[in-house]
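The residues making up each chain are set out below.
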Protein chains: 2
Amino acid sequence: MSLIVQKYGGSSVADAESIRRVAKRIIDTKRAGNDVVVTVSAMGDTTDELIDLAHEITPIPDPREFDMLVTTGERISMALLAMAIKSMGYDARSYTGSQAGMLTTSNHGDARIVDVTPGRIRTALDEGAIAIVAGFQGVSPDTKDITTLGRGGSDTTAVALAAALGADKCEIYTDVDGVFTADPRIVPKARKIDALSSEETLELAASGAKVLHIRAVEYARRQGVTLVVRSSFTNDPGTIVYHPDRAEEFPVEEATIAGVAHDLSQAKITVVGVPDVPGSAAAIFGLVAEQGANIDMIVQNVQTQNDGVTDISFTLPKAYADAVTRAIEGAHERLGYEQLRLDDQIGKVSLVGAGMRSNIGVSSTLFEALRDAGINIDMISTSEIRISIVTRADLVPDAARAIHAAFGLDGESEAVVYAGTGR
Amino acid sequence: MSLIVQKYGGSSVADAESIRRVAKRIIDTKRAGNDVVVTVSAMGDTTDELIDLAHEITPIPDPREFDMLVTTGERISMALLAMAIKSMGYDARSYTGSQAGMLTTSNHGDARIVDVTPGRIRTALDEGAIAIVAGFQGVSPDTKDITTLGRGGSDTTAVALAAALGADKCEIYTDVDGVFTADPRIVPKARKIDALSSEETLELAASGAKVLHIRAVEYARRQGVTLVVRSSFTNDPGTIVYHPDRAEEFPVEEATIAGVAHDLSQAKITVVGVPDVPGSAAAIFGLVAEQGANIDMIVQNVQTQNDGVTDISFTLPKAYADAVTRAIEGAHERLGYEQLRLDDQIGKVSLVGAGMRSNIGVSSTLFEALRDAGINIDMISTSEIRISIVTRADLVPDAARAIHAAFGLDGESEAVVYAGTGR
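Owing to the predicted nature of the structure, the values given are computational and were not obtained by experimental measurement. (Residues numbered from 1 in each chain as written. Chains lettered and ligands numbered in written order. Predicted model: local features only at pLDDT ≥ 70, side-chain atom pairs only at ≥ 80, totals over all residues. Heavy atoms only, no water.)

**Q** With reference to specific residues and values, describe the overall build of chain A.
**A** Summing up its helical and strand segments, chain A has 13 helices and 20 strands in all. The C-alpha atoms of chain A give a radius of gyration of 24 Å, which matches the 22 Å a tight globule of 423 residues would have. By principal-axis analysis of the C-alpha atoms, chain A measures approximately 80 × 55 × 35 Å. Buried residues in chain A amount to 57% of all 423 residues. Sequence-distant contacts in chain A: of pairs separated by 6 or more residues, those separated by 24 or more amount to 75%. Of the roughly 17,800 Å² that chain A leaves accessible, carbon and sulfur atoms contribute 48%. One way to put it: in chain A the 39 positive side-chain charges average out to a point 5 Å from where the 58 negative ones average out. (Helix = DSSP H or I, 4+ residues; strand = E, 2+ residues; numbered from the N terminus. Rg over C-alpha atoms; globule rule 2.2 N^0.38 Å. Buried < 20%, exposed > 50% of the residue type's maximum accessible area, 1.4 Å probe, protein only. Contact = heavy atoms within 4.5 Å. Areas by Shrake-Rupley, 256 points an atom, 1.4 Å probe, with all protein chains shown as cover. Lys, Arg positive; Asp, Glu negative; His and termini not counted. Charge placed at Lys NZ, Arg CZ, Asp CG, Glu CD.)

This is the structure we're talking about:
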């Protein structure tokens, strides 16, 4: 008998009707002969509403109490979901993160999972019941306090349970059919991908694609859990995310390229005329780190003239651009640069594919496609299975479409676009 | 150092502003040199909203999941209250019923407290923190499931904690100044009572007065906990409810009469011409019990003629009147009565006072007052410290006022009436 873990996000359980629809889907999975464990997020905007309530009390809520408060959202949805399943004739029981054995560090708001001991879940399954577990939360064995898991916590809960229970697969339900070869909203001919490796998924997610949290994919990769991303609104089988070592198990054609991601959330800062001596880069990036900004791409111009200076460009989230700019300006004399430029109208487009390792000519195909589309390239960065280019933000759709077509990713018809961010 | 337990109901924590006001009051109690433990209900109408949500899913929610759902209300308010206190500079920690050691039976929705082991609360107090506990809930040590305590559960949580911690007193905060000598809305000259015994409070509550739940008062009486009923909106010291054995500790004048309660929730059924043989009453009340109705007063007419029949009247909650009437009619032939009458326009007025035991003349003063007010008495029932009369519902205000005045309970001025039911 196979064991399936399913995760349903807030938009899938936004109201009573959605909850009943999800309950039917869970029952269908059970009736097909599987053991089923479900993790669920809070209904709709409940978490945001609870956070607002906390901020009506105080601008800086105590972390322990904040976690106690926001975890009620998942408790509400899990109890309602279990109620719905029971009313349809199947046994179901809900469990808090603590009851499910989700043990974490004690950093409230950003706890890490240290162990999963799902004894009560296992017992429920042995008794033929469906187990519903509150996502996004756990308990710290040190303090015995309830904790929340931070960004990507709900997906990670599902993957962690799947790993601990030895599940055959972990299905992440969302409001789109799966992982697409590009964002259908800017590349209408994007197609749903049948299967891709977790390392490709990680690169896509890191490059701006919004389907799975990096954290959850990373956990799945480390623990060998097979993920499936699918829609809770249709019967499409979704996208399988497999461990690279298990690529042969999945009967898909060897695809060179998995997909095209884009990212419009970054800005570029260029420090012009930096003294070309050891320590210059360290001084600049030390300042950036002090501001708490994560840097994405760095390009230091290759020196062509022996004039003792160079230019350094880097990209970072737009939200940090002003603070970092001011910090660098504040250290102008110490850093000794000539000029500082901020460009917040950039966009990044990335091509991702495991096949890049063994295929020659990917770069030339990419650059030819961009040339033919009249798109100028501002910055380039690469990894083993990814090539990213930075161009003007308003050219990102054209660039993405050109690359998508050049690599044979276009579908026959336009993809159906659902409301939602594809999260 | 004294230890005080405080309970705040839903209307006292209805919104962020109220929560902050309650937080200040708790801090004032702490600053006065006390250890403070607080139990809190869900904000405003939250519990009703959660129940409605459950009924959107199914008309008959699974009991285990229902308890998991509704207990989130108290978790939300306790976390917000702890947050508010911390933001004002004092240490506070919230605890679920389970974390506070509230152990119960496993009947979901109506669990009884079997033990209270508040180890973590004691530790928090020793570390100088204020402990906030979710009311109305506990955990069953058998099933490890979360349970709710049914009617009066929030007040009972507070009393149970006070007993287990050996608190000096348990303050129940509500939206009126305390227990009154009568409902100020029908007896404007009602006064706040400074102190009365728990047995008098029990009789008043059982007779219709809406201040404390019988269950909580009974628990306090058995465990020797001193209760104080007071307003969360004013500084009035409230009403002390003491154990009868400790009456001398409370410097109040020996009052013969505590107060006057009224009850408009009942109906009267009269079975006329019942065969006056053994078993007649049993047959009738067996039917009533089958309908699940609780009977309040019973009067069987004293036989004056030797005609072999008698009349039996009884009162019960209006909500059961129709079903019981139909049940009796359905058994007309078997019961062999002549006529069945239903009167849903009755009202009951009760006079309660420990001094009744030793004071002669209470009955005559009562009946003279009603006679002078032109009020006809329909039924009479008595206990050691209570006399109740049934009359027409529309005469209840006049009756209550007449009795109140006749026993010297009237205050100098009219009582201030707050919004709320005085619960």
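Next comes the rest of the description.
**Q** Break down the sheet that holds strand β20 (residues 386-392) of chain A for me, with residues and values.
**A** Residues and elements named next belong to chain A. Spatial strand order, β13-β18-β20-β19: four strands in an open sheet with antiparallel pairing. The open sheet has two free edges, formed respectively by β13 (259-263) and β19 (379-383), since each of these has just one partner strand. Across the sheet, the mean angle separating the axes of adjacent strands is 20 degrees when strand polarity is ignored. Where strand β18 (residues 346-352) meets β20, seven bridges bridge the pair, whose relative direction is antiparallel. Residue L351 lies in a different strand from β20, and its bridge partner there is I387. Each of β18, β19 and β20 is contacted by helix α12 (residues 362-372), which is oriented at about 20 degrees to β20, the strand it contacts most. Sitting on the sheet, helix α13 (residues 396-406) is in contact with β13, β18 and β20, with an inclination near 15 degrees to β18. (Pairing = 2+ DSSP bridges. Axes fitted to C-alpha atoms, helices over the stretch in contact; angles between N-to-C directions.)

**Q** So what's going on with the interface of chain B and chain A? Which residues, and what values?
**A** With 40 residues of chain B at the interface, the matching set in chain A holds 40 residues. Here chain B packs against chain A, burying approximately 3,100 Å² in sum over the two surfaces, 65% of which is carbon and sulfur. It is I57(B), R75(B) and M83(B) that lose the most area in chain B upon contact with chain A, and together they represent 24% of the buried surface on that side. Inspection of the chain B/chain A interface yields four salt bridges. The residue R120(A) makes a salt bridge to D145(B) at a minimum N-O spacing of 3.4 Å. Taken together, the elements giving at least two residues each to the side of chain B that touches chain A come down to α1 (16-31), α2 (46-57), α3 (63-70), α4 (72-87) and β3 (92-95) of chain B. Among the elements that take part in the side of chain B that touches chain A, α4(B) stands out by supplying eleven residues, more than any other. For the side of chain B that touches chain A, a count of residues per class yields 21 nonpolar, eight polar and eleven charged. (Buried area = accessible area lost by both parts, 1.4 Å probe. Salt bridge = Lys/Arg side-chain N within 4 Å of Asp/Glu carboxyl O. Nonpolar A, V, L, I, M, F, W, Y, C, P; charged D, E, K, R; others polar.)

**Q** Describe the relation of the copies chain B and chain A, listing the residues and the values that go with them.
**A** The transformation that overlays chain B on chain A combines an axial shift of 0.0 Å with a rotation of 180 degrees, and the residual RMSD is 0.1 Å. With respect to symmetry, the two chain copies, as superposed, fit the operation of a two-fold axis. Among all residues of chain B, the minimum C-alpha distance to the rotation axis is found for T72(B), at 2.9 Å. By residue overlap, the copies meet face to face through one surface: 100% of the interface positions of chain B are interface positions in chain A. (Least-squares fit on C-alpha atoms with pLDDT ≥ 70 in both.)

**Q** Account for helix α8 (residues 214-223) of chain B, naming residues and giving values.
**A** Along α8(B), the residues classified as buried are R215(B), A216(B), V217(B), Y219(B) and A220(B). Of the residues flanking the end of α8(B), it is G224(B), one or two places downstream, whose phi is positive at about 70 degrees.

**Q** Break down the side chain of T39(B) for me, with residues and values.
**A** Residue placement: T39(B) occurs in strand β2 (residues 35-40). Every residue in contact with T39(B), bar those within four places of it in the chain, is listed here: Q6(B), K7(B), Y8(B), V133(B), S154(B), T157(B), A158(B) and L161(B).

**Q** Can you explain helix α4 (residues 72-87) of chain A? Please cite residues and give values.
**A** For α4(A), built from 16 residues, the straight-helix expectation of 22 Å at 1.5 Å per residue is met to within 8% by its first-to-last C-alpha distance of 23 Å. G89(A) sits one or two residues past α4(A) and shows a positive phi near 95 degrees. (Expected span 1.5 Å × (residues − 1).)

**Q** Describe the sheet that holds strand β15 (residues 298-300) of chain B, with residues and values.
**A** Residue and element names in this part refer to chain B. The strand order across the open sheet formed by four strands is β15-β16-β14-β17, and the pairing between neighbours is antiparallel. The sheet terminates laterally at β15 and β17 (339-343), the two strands that pair on one side only. Taking the axes of each pair of neighbouring strands and ignoring which way they run, one obtains an average angle of 15 degrees across the sheet. Direction of pairing for strand β14 (residues 266-275) relative to β17: antiparallel, over a ladder of five bridges.

**Q** So what's going on with the environment of S358(A)? Residues and values would help.
**A** Structurally, the position occupied by S358(A) is in the loop between β18 and α12. Separated by 76 residues in the primary sequence, S358(A) and A282(A) have C-alpha atoms spaced 35 Å apart.

**Q** Break down the pattern of salt bridges for me, citing the residues and quoting the values.
**A** Working definition: two side chains of opposite charge can pair if their charged atoms are close together. Summed over all chains, the structure comprises 50 salt bridges over all chains. For K30(B), the salt bridge is made with D35(B), and the minimal N-O distance between the two is 4.0 Å. Exposure remark for D35(B): the relative accessible area of 12% places this residue in the buried category. Residues joined in a network through salt bridges with shared partners are D62(A), K86(B), D91(B), R93(B) and E127(B).

**Q** Tell me what's going on with the packing of helix α7 (residues 198-206) of chain A against helix α8 (residues 214-223) of chain A, and back it up with residues and numbers.
**A** Residue and element names in this part refer to chain A. Between α7 and α8, the least distance of the axes is 10 Å, while the angle of their chain directions is 165 degrees. Relative to α8, the element α7 is oriented roughly antiparallel. Of the two elements, α7 crosses α8, and the hand of that crossing is left-handed. Every residue of α8 that contacts α7 at S198, T201, L202, A205 and A206 is listed here: I214, V217, E218 and R221. Of the residues belonging to the contact of α7 with α8, the class tally is five nonpolar, two polar and two charged. (Parallel < 35°, antiparallel > 145°, perpendicular 65-115°, else oblique. Left-handed = near helix turned anticlockwise from the far one by under 90°.)

**Q** Can you explain the confidence of the model for chain A? Please cite residues and give values.
**A** Residue and element names in this part refer to chain A. When pLDDT is averaged across chain A, the result is 91; 96% of the residues are at 70 or more. Within chain A, the element-level pLDDT minimum falls on strand β15 (residues 298-300), averaging 89, and the maximum on strand β6 (residues 130-134), averaging 98. Across residues 418-423, confidence stays below pLDDT 50; counting only partners more than four residues off in sequence or on other chains, it has 19 contacts. (pLDDT = per-residue confidence, 0-100.)

**Q** For the packing of α4(A) against α4(B), give the residues involved together with the corresponding values.
**A** Two numbers describe how α4(A) lies on α4(B): the axes approach to 10 Å, and their chain directions differ by 175 degrees. Taken as axis vectors, α4(A) and α4(B) run roughly antiparallel relative to one another. Contacts from T72(A), R75(A) and I76(A) of α4(A) reach α4(B) at T72(B), R75(B) and I76(B). In the contact of α4(A) with α4(B), the residues fall into two nonpolar, two polar and two charged.

**Q** Any details on a negative patch on the surface? Residues and values, ideally.
**A** Together, D15(A), E17(A), D45(B), D48(B), E49(B), D52(B) and E56(B) give the surface a local cluster of negative charge. It is α2(B) that contributes the most residues to the negative patch, four residues altogether. (Patch = residues over 30% accessible without salt bridge, like charges linked within 9 Å, V, L, I, M, F, W, Y side chains within 5 Å.)

**Q** Tell me what's going on with the packing of aromatic side chains, and back it up with residues and numbers.
**A** Residues and elements named next belong to chain A. Inspection of the entire model under this criterion finds four aromatic pairs over all chains. The interplanar angle of 10 degrees and the centroid separation of 4.6 Å between the aromatic rings of Y8 and Y173 together place this pair among those described as stacked. In this pair, Y8 sits in strand β1 (residues 3-8) while Y173 sits in strand β9 (residues 169-174), placing the two residues 165 residues apart along the sequence. Judged by its relative accessible area of 0%, Y8 is buried. Note that R222 overlies the ring of Y219, its terminal NZ or CZ placed 5.5 Å from the centroid. (Phe/Tyr/Trp six-rings, centres within 6.5 Å; stacked < 30°, edge-to-face > 60°. Lys NZ or Arg CZ within 6 Å of the ring centre and 35° of its normal.)

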